[in-house]
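Topology and contacts: notes
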Amino acid sequence: MGRLTLNILLSFAQFEREIISERTRDKMGAARMKGKWMGGLPPFGYQIDKEKQILSVKPDEAEDVKFMFETFIKEKSITKLMWLLKERGIGHREYLCRNNRVLPARPFVKQTIHKLLRNPTYTGKVVYRHKEYPGEHEAIISEEIFNQAQEAMSGKR
């Protein structure tokens, strides 16, 4: 009898946990579709505005992002772009997390450059479940430049 009662209580607890998880997922999805930034490490070129809880542009890094897209469109080589960034001293900045953990400054590598060039956040959009939605944040680059970079990347495969 005790085992039966315990199993019934455990079933209800599991059901409640699943309902909470589903509600959380739905709420985050709805916020993404409205264009809200849902947390995490902000992309290079952005910082989190603590008052409004949105991404805001970091002017010095935004210039570096523009340089990266324009250079890649011209050169069509991530490796060449990586070496140009190292020569200019452009890399990830030191970042202080909410839990006071410090992510150290480090240079860009091919994978992070590739990820940056593929990120539609720089056009002012938010991605949720492989669909793009207009974001609340300001775009750093135009849709046209982003598309040119995507074409240059797809031609390299």
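Everything below is about the structure shown above.
Residues numbered from 1 in each chain as written. Predicted model: local features only at pLDDT ≥ 70, side-chain atom pairs only at ≥ 80, totals over all residues. Heavy atoms only, no water.

1. Quick notes on the environment of G124
Its place among the elements puts G124 in the loop between α4 (110-118) and β7 (125-128). Since its relative accessible area comes to 10%, G124 is described here as buried. Put simply, G124 and A139 are 15 residues apart on the chain and 4.0 Å apart in space, counted from C-alpha to C-alpha. Once residues within four sequence positions are removed from consideration, G124 is found in contact with P134, G135, H137 and A139. (Helix = DSSP H or I, 4+ residues; strand = E, 2+ residues; numbered from the N terminus. Buried < 20%, exposed > 50% of the residue type's maximum accessible area, 1.4 Å probe, protein only. Contact = heavy atoms within 4.5 Å.)

2. Considering the nonpolar core
Membership of the largest hydrophobic core comes to 27 residues, with the highest contact counts inside it found for F69, I113, L117 and Y122. Element by element, the count of residues in this core is highest for helix α2 (residues 59-75), at seven residues. The contact partners of F69, leaving out residues within four places of it in the chain, are L116, L117, Y122, I141, I145, F146 and A149. (Core = buried A, V, L, I, M, F, W, Y, C linked by side-chain atoms within 4.5 Å.)

3. Some details on the packing of aromatic side chains
Throughout the structure, instances matching the rule amount to four aromatic pairs. Ring geometry for F69 against Y122: centres 6.1 Å apart, planes inclined by 65 degrees, an arrangement best described as edge-to-face. Here F69 is found in helix α2, whereas its partner Y122 is found in the loop between α4 and β7, with 53 residues between them in sequence. Of the two residues, F69 and Y122, both sit in the buried class. Ring centres of F69 and F146 lie 6.2 Å apart, and the angle between their planes is 45 degrees; on these two criteria the pair is classed as tilted. With F69 in helix α2 and F146 in helix α5 (residues 143-154), the pair connects residues that are 77 residues apart, well separated along the chain. Across this residue pair, the class does not change: F69 and F146 are buried. If you follow K86 out to its NZ or CZ, it ends over the ring of W83, 4.6 Å from the centre. Here the guanidinium or amino end of R88 rests over the ring plane of F67, the centre of that ring lying 3.9 Å away. (Phe/Tyr/Trp six-rings, centres within 6.5 Å; stacked < 30°, edge-to-face > 60°. Lys NZ or Arg CZ within 6 Å of the ring centre and 35° of its normal.)

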